[in-house]
Amino acid sequence: MKAIRLKFRGEEFLIPATQAFEIGAQVEDIVTLGEIASWGAKVPFFKVARCFGAMLRFAGCKATDAEVFQDMMDSIAKFGRANKGGAADVMDVPALAAVSALTSCLMGGAPLTEEAEETPEKPSAS
């Protein structure tokens, strides 16, 4: 597992991989990892702000969830303007990238759904 690097308002914060489980438990008090994986294009921004806020505070930042939410909305607007009104790449938004990094870190080594479906079934013992 890799450390999780968080960027917020020009500063970088670090959550060591050895502490990913602990912050993962705190994030799951807000939203489960299964829910995060199912978001797709329907991202609940208030939940993301709460998750990222918890991660930032865990890493030593003093940001409130409201500040995180406003920063996230500003980032989305900035990237939208850079794309001439098009949608921002969600991974360009630091809060979404950080929650994705946490999910990846905690799910590292877990089989992907497609891989699990492709695994041939073992014959039943008779």
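Our subject in this report is the structure included herewith. Source: prediction; values computed, not measured.

### Looking at the pairing of strand S1 (residues 4-8)
Only one face of S1 is covered, namely the one carrying Ile4, Leu6 and Phe8; the face carrying Arg5 and Lys7 has none of its residues buried. Looking at chain direction, S1 and strand S2 (residues 11-15) are connected through 5 bridges and run antiparallel. The residue bridging Phe8 from the neighbouring strand is Glu11, located in S2. Connecting the antiparallel pair S1 and S2 is a turn made up of 2 residues, with Arg9 showing a positive phi of about 50°.

### Observations regarding the environment of Ala20
Residue position: Ala20 is located in helix H1 (residues 20-28). Residues Ala20 and Lys2, spaced 18 residues apart in sequence, show a C-alpha to C-alpha distance of 9.2 Å.

### Observations regarding the packing of H1 against helix H3 (residues 45-58)
At their nearest, the axes of H1 and H3 sit 9 Å apart, and the two run at 145° to each other. For H1 against H3, the interelement crossing comes out right-handed. Contacts between H1 and H3 involve Glu22, Ile23, Gln26 and Val27 from the former and Cys51, Ala54, Met55 and Phe58 from the latter. Split into classes, the residues belonging to the contact of H1 with H3 amount to 6 nonpolar, 1 polar and 1 charged.

So, how was this worked out
Residues numbered from 1 in each chain as written. Predicted model: local features only at pLDDT ≥ 70, side-chain atom pairs only at ≥ 80, totals over all residues. Heavy atoms only, no water. Buried < 20%, exposed > 50% of the residue type's maximum accessible area, 1.4 Å probe, protein only. Helix = DSSP H or I, 4+ residues; strand = E, 2+ residues; numbered from the N terminus. Pairing = 2+ DSSP bridges. Axes fitted to C-alpha atoms, helices over the stretch in contact; angles between N-to-C directions. Left-handed = near helix turned anticlockwise from the far one by under 90°. Contact = heavy atoms within 4.5 Å. Nonpolar A, V, L, I, M, F, W, Y, C, P; charged D, E, K, R; others polar.

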